[in-house]
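Examination of the molecular architecture
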Amino acid sequence: YINWYLGNYLGCNVVSPDGTSFRFGKKLADGTIEPVTMYLPYLDWEPDPDSIIPGWVPPPTDNVQEAGELKPLLIQTLRSYPISKIELGWRGYLINPQQFHNVAWQVERGVIGVYKRIKNSGHNEYESESNTFQLDSGVHVWKQASIVHEAVHAMLDIQKAHNLRIRESEALAYVAQCIYWQHLHNHFGHRMLGDDDTKDIFQPAWDLALKIHEGGDVWKSDWEPLLNAITMSKGYGKKAWNLTLFNGVWGL
């Protein structure tokens, strides 16, 4: 996990010639490289427990491994054409192409980690506590749409949307997922079906995505069927009313 600490603790995003490891340095937007300064303590120095920055967590170790081919897939997905069609807003928070591209950039520079599940769980996840994507190994368009869903949570984490309810965050993510799917296939007829826990959620999400595609005005009342479906689902239930844990991404 040396690369994880270089990226998440020191902000390094300059890669080695073989592309497998970070080097010391921060590549800025204009292409220049900012050196990283490290200070070595005295041999008898011991850290003060009270000085440890809260929020620092080790990289996940249970049931995950390095992302391999999934990291470039995630970056490619968040820079693909259908992303340009996603434009949402809720309570001042933005879900748009620029935000998706920012998530891709933070993944590329190692600020947001990407890991692959050793045992497939059937879904992808963005974990806000460790600022990491944890992805299943299957590579197909359904998973790409799910990546878009989880990227919405990542961008809300970057925007520190801790005053949103889980059901609000999930509603934005489901609509973005449906818009991506519709434009990926240029198919606006049959909706995404989902599994037993989400099939009743995808219907209102799909309908709302279609209304946005058709250019109709979207009011707060248009979101209510989707918000209610999330609240009534077995997968979310009472926790749908809980606040998110989107307190920001360390290093930003």
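About the cut-offs
Starting afresh in each chain, residues are numbered from 1 along the sequence in its written order. Residues qualify for local features only when their pLDDT is at least 70, as the model is predicted, and side-chain atom pairs are given and counted only at 80 or more; totals for whole chains, interfaces and linings, by contrast, use all residues. The side-chain values count all of the structure's non-hydrogen atoms but skip hydrogen atoms and water molecules. Helix and strand definitions here come from DSSP, where helices need a minimum of 4 consecutive H or I residues and strands a minimum of 2 consecutive E residues; each element is numbered from the N-terminal end. With a 1.4 Å probe rolled over the protein chains alone, any residue whose accessible area is under 20% of its type maximum counts as buried; one over 50% counts as exposed, and the rest are partly exposed. Throughout, a residue-residue contact means that at least one pair of heavy atoms, one from each residue, lies within 4.5 Å. We define the nonpolar core as a collection of buried residues of types Ala, Val, Leu, Ile, Met, Phe, Trp, Tyr and Cys that are connected through side-chain atoms lying within 4.5 Å of one another. Values of pLDDT, which run from 0 to 100, indicate the predictor's confidence residue by residue. For helices, the axis comes from a line fit to the C-alpha atoms of the stretch in contact; other axes are also lines fit to C-alpha atoms, and the angle between any two N-to-C directions lies between 0 and 180 degrees. To sort the angles, those under 35 degrees are grouped as roughly parallel, those over 145 as roughly antiparallel, those from 65 to 115 as roughly perpendicular, and the leftovers as oblique. Each helix crossing is assigned a hand: it is left-handed if the near helix lies turned anticlockwise from the far helix by less than a right angle, otherwise right-handed if that turn is clockwise. Aromatic pairs are defined between Phe, Tyr and Trp rings, using the six-membered ring for Trp, whenever the two ring centres lie within 6.5 Å; interplanar angles under 30 degrees are classed as stacked, those over 60 as edge-to-face, and all others as tilted. Both a distance and an angle decide whether a charge sits over a ring: NZ of Lys or CZ of Arg must be within 6 Å of the ring centre and within 35 degrees of the ring normal. Take a side-chain nitrogen of Lys or Arg and a carboxyl oxygen of Asp or Glu: if they are within 4 Å of each other, that pair is a salt bridge.

Describing the overall build of the protein chain
In terms of regular secondary structure, the protein chain is built from seven helices and 10 strands. In the protein chain, which comprises 252 residues, the proportion classed as buried is 45%. The contacts of the protein chain with a sequence gap of at least 6 include a subset with a gap of at least 24, amounting to 64%.

A look at the nonpolar core
Grouped together as the largest cluster of nonpolar side chains are 59 residues, with contacts concentrated most on Ile86, Phe100 and Phe133. Take this core: its biggest share by element is 10 residues, from helix α5 (residues 166-185). Excluding anything up to four places from it in sequence, phenylalanine 133 contacts Leu74, Val103, Val107, Ile112, Gly113, Val114, Tyr115, Glu125, Tyr126, Glu150, Ala151 and Ala154.

Thoughts on the environment of leucine 227
Positionally, leucine 227 belongs in helix α7 (residues 220-232). In this structure leucine 227 comes out as buried when scored by relative accessible area, which is 3%.

Examining the pairing of strand β8 (residues 113-117)
Counting buried positions along β8 gives five out of five residues, so the element sits mostly inside the fold. Of the two faces of β8, the one holding Gly113, Tyr115 and Arg117 and the one holding Val114 and Lys116 are both buried throughout.

Side note on the confidence of the model for the protein chain
Where the model shows low pLDDT, its predicted coordinates should not be examined in detail. With 81% of its residues at a pLDDT of 70 or more, the protein chain has an overall mean of 83. Element-level mean pLDDT values for the protein chain span from 65 in strand β5 (residues 64-66) up to 95 in α7.

As for the packing of helix α6 (residues 199-213) against α7
Between α6 and α7, whose axes approach to 8 Å, the crossing angle comes to 160 degrees. As far as their axial angle goes, α7 and α6 are roughly antiparallel. In terms of crossing hand, the pair formed by α6 and α7 is left-handed. Here α6 contributes Asp200, Ile201, Pro204, Ala205, Leu208 and Lys211 to the contact with α7, which in turn contributes Asp222, Trp223, Pro225, Leu226, Ala229 and Ile230.

What about the packing of aromatic side chains?
By the definition in use, this model includes three aromatic pairs. The cationic tip of arginine 167 hangs over the ring face of tryptophan 241; the distance from NZ or CZ to the ring centre is 4.0 Å.

Details of unusual backbone geometry
For asparagine 131, which is not glycine, the phi torsion reads 55 degrees and is therefore positive. Structurally, asparagine 131 can be placed in the loop between β9 (125-127) and β10 (132-135). According to the relative accessible area criterion, asparagine 131 is buried, its value standing at 7%. Backbone geometry at lysine 160 places phi at a positive 55 degrees, although glycine is not the residue there. You can see lysine 160 is positioned in the loop between α4 (141-158) and α5.

Some points on the pattern of salt bridges
For the coordinates displayed, the defined rule picks out three salt bridges. Note that arginine 91 is salt-bridged to glutamate 168, the shortest N-O span being 2.8 Å. Placement of arginine 91 in the loop between β6 (88-90) and β7 (93-95) and of glutamate 168 in helix α5 is noted, with a sequence separation of 77 residues between them. By relative accessible area, arginine 91 is classed as partly exposed at 46%. Lysine 211 is the partner of aspartate 222 in a salt bridge, and the nearest nitrogen-oxygen pair spans 3.1 Å. Of this pair, aspartate 222 sits in helix α7 while lysine 211 sits in helix α6, and the two are 11 residues apart along the sequence. Residue aspartate 222 is classed as partly exposed on the basis of its relative accessible area, which comes to 23%.

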